[in-house]
Amino acid sequence: MRASGDHSIATFERRGRAGSLHLKDAAMTIRTIELLRFANPRLVAFRATAPHTRRTAGFTLLELLVVMVIIGLLVGYVAPRYFQQVGKSEVKMAQAQIESLQQALDLYRLDTGQYPSTEQGLKALVERPANEAKWGGPYLKKGVPMDPWGRPYQYRYPGEKSELDLVSLGKDGHLGGSGEAADITNR
């Protein structure tokens, strides 16, 4: 079928049952398109590309599912190892803090001749107790730290198993336990 307009001529080819037309000559003007739409209202759009080219701009559902399975397998393999390392680092941090508190308590003892009592607690390392004239602190720069799980360290003097006891109750916050939940002490 040939159509003519004011400015140019385009050649169309009828394809399929729906009556869609494919543009063969890209030089068609807007006026010719308007005339053709008026003549056949079912014409909505014209394609200036080859009729059977495949669109390659996206991914298929199968490709997306394969990628999702691979990501799931990687997360399932890496995540437990990552969280295991986080737990170990909290235990090591508690051990380092207990060691630092032990050193501060030793300095306190060198200055005053004795460790702070259980009632005075670790607070005696940052604030002068009322009855200590030889106190040379503060013995900690930033105050008494909390354990890595957000609980205060337990201090006893005299200690039950050594001269003094410094204890973090671990991840579970209860006496005893094993693994990350085990108590961490200065002994």
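Residues numbered from 1 in each chain as written. Predicted model: local features only at pLDDT ≥ 70, side-chain atom pairs only at ≥ 80, totals over all residues. Heavy atoms only, no water.

J.: Please explain the overall build of the protein as it appears in this structure.
T.: Along the backbone of the protein there are two helices and six strands. Counting from the amino terminus, the protein carries its helices and strands in the arrangement β-β-β-α-α-β-β-β. Residue burial in the protein is summarised as follows: out of 187 residues, 26% are buried. Taking the contacts inside the protein whose residues are at least 6 apart along the sequence as the reference set, 38% of them involve residues at least 24 apart. For the protein, the accessible surface area stands at approximately 13300 Å², while carbon and sulfur atoms represent 58% of it. (Helix = DSSP H or I, 4+ residues; strand = E, 2+ residues; numbered from the N terminus. Buried < 20%, exposed > 50% of the residue type's maximum accessible area, 1.4 Å probe, protein only. Contact = heavy atoms within 4.5 Å. Areas by Shrake-Rupley, 256 points an atom, 1.4 Å probe, with all protein chains shown as cover.)

J.: Could you clarify how one ought to interpret the environment of R109 in this entry?
T.: Tracing the sequence through the fold places R109 in helix α2 (residues 61-112). For R109 and W135, which are 26 residues apart along the polypeptide, the C-alpha to C-alpha distance reads 9.3 Å. Discounting chain neighbours no more than four positions away, the residues touching R109 are Q114, Y115 and E163.

J.: What should I look at first to understand the packing of aromatic side chains in this one?
T.: Ring pairs (aromatic) are described by centroid distance and by the angle formed between their planes. Overall, the coordinates contain three aromatic pairs when judged by the stated rule. For the pair Y115 and Y157, a centre-to-centre distance of 5.5 Å together with 65 degrees between the ring planes defines the contact as edge-to-face. Residue Y115 is located in the loop between α2 and β4 (154-156), and its partner Y157 is located in the loop between β4 and β5 (165-168); the two are separated by 42 residues in the primary sequence. For the pair W135 and Y139, a centre-to-centre distance of 5.8 Å together with 90 degrees between the ring planes defines the contact as edge-to-face. Joined through ring pairs, the aromatic side chains of Y108, W135 and Y139 make up one cluster. (Phe/Tyr/Trp six-rings, centres within 6.5 Å; stacked < 30°, edge-to-face > 60°.)

J.: What am I meant to see in the confidence of the model for the protein here?
T.: Should the pLDDT be low somewhere, the predicted coordinates at that spot are not to be read in detail. Residue-level pLDDT values for the protein average 76, and 70% of them are 70 or greater. Mean pLDDT in the protein bottoms out at strand β2 (residues 9-15), which sits at 45, and peaks at β4, which reaches 90. In this model, residues 1-27 is a region of pLDDT below 50 whose contacts with residues beyond four sequence positions or in other chains number 55 contacts. (pLDDT = per-residue confidence, 0-100.)

J.: Help me understand the sheet that holds strand β6 (residues 184-185), please; the structure alone is not making it clear to me.
T.: What links the strands of a sheet is backbone hydrogen bonding, and the strands pair in either a parallel or an antiparallel sense. Strand order in the open sheet made by the three strands is β4-β5-β6, with antiparallel pairing throughout. Two strands in the sheet have a free side with no partner beyond their single neighbour: β4 and β6. Inspection of the sheet shows β5 paired to β6 by two bridges, in the antiparallel sense. Across the sheet, the residue bridging to S168 is I184, located in β6. (Pairing = 2+ DSSP bridges.)

J.: Hey, could you run me through the side chain of D165 in this one?
T.: Tracing the backbone shows D165 in strand β5. Setting aside anything within four residues of it in sequence, one finds D165 in contact with Q154, Y155, R156, G159, E160, N186 and R187.

J.: I'm lost on a nonpolar patch on the surface in this one. Help?
T.: A cluster of nonpolar side chains, contributed by L62, V66, I70 and L74, occupies part of the molecular surface with about 400 Å² of accessible area. Looking at I70, the relative accessible area reads 46%, which means it is partly exposed. (Patch = residues over 30% accessible without salt bridge, like charges linked within 9 Å, V, L, I, M, F, W, Y side chains within 5 Å. Salt bridge = Lys/Arg side-chain N within 4 Å of Asp/Glu carboxyl O.)

J.: Help me understand the pairing of β5, please; the structure alone is not making it clear to me.
T.: Residues in a regular strand point their side chains to alternate faces of the sheet. Residue alternation in β5 divides its side chains into two sets, D165 and V167 and L166 and S168, and both sets are buried. As paired elements, β4 and β5 share three bridges and run antiparallel to each other. Within β5, the residue paired with Y155 across the bridge is L166.

J.: Got a minute to help me understand the side chain of T112 in this structure?
T.: Tracing the backbone through its elements, the reader meets T112 in helix α2. On the basis of relative accessibility, which here comes to 12%, the residue T112 falls in the buried class. A distance of 2.8 Å separates the side chain of T112 from the backbone oxygen of Y108, its partner in a polar contact. Among the polar contacts made by the side chain of T112, one reaches the main-chain carbonyl oxygen of Q114 at a distance of 2.8 Å. If we ignore the near neighbours within four places in the chain, the residues touching T112 are E132, K134 and W135. (Polar contact = N/O pair within 3.5 Å; in protein donor to acceptor, adjacent residues only side chain to side chain.)

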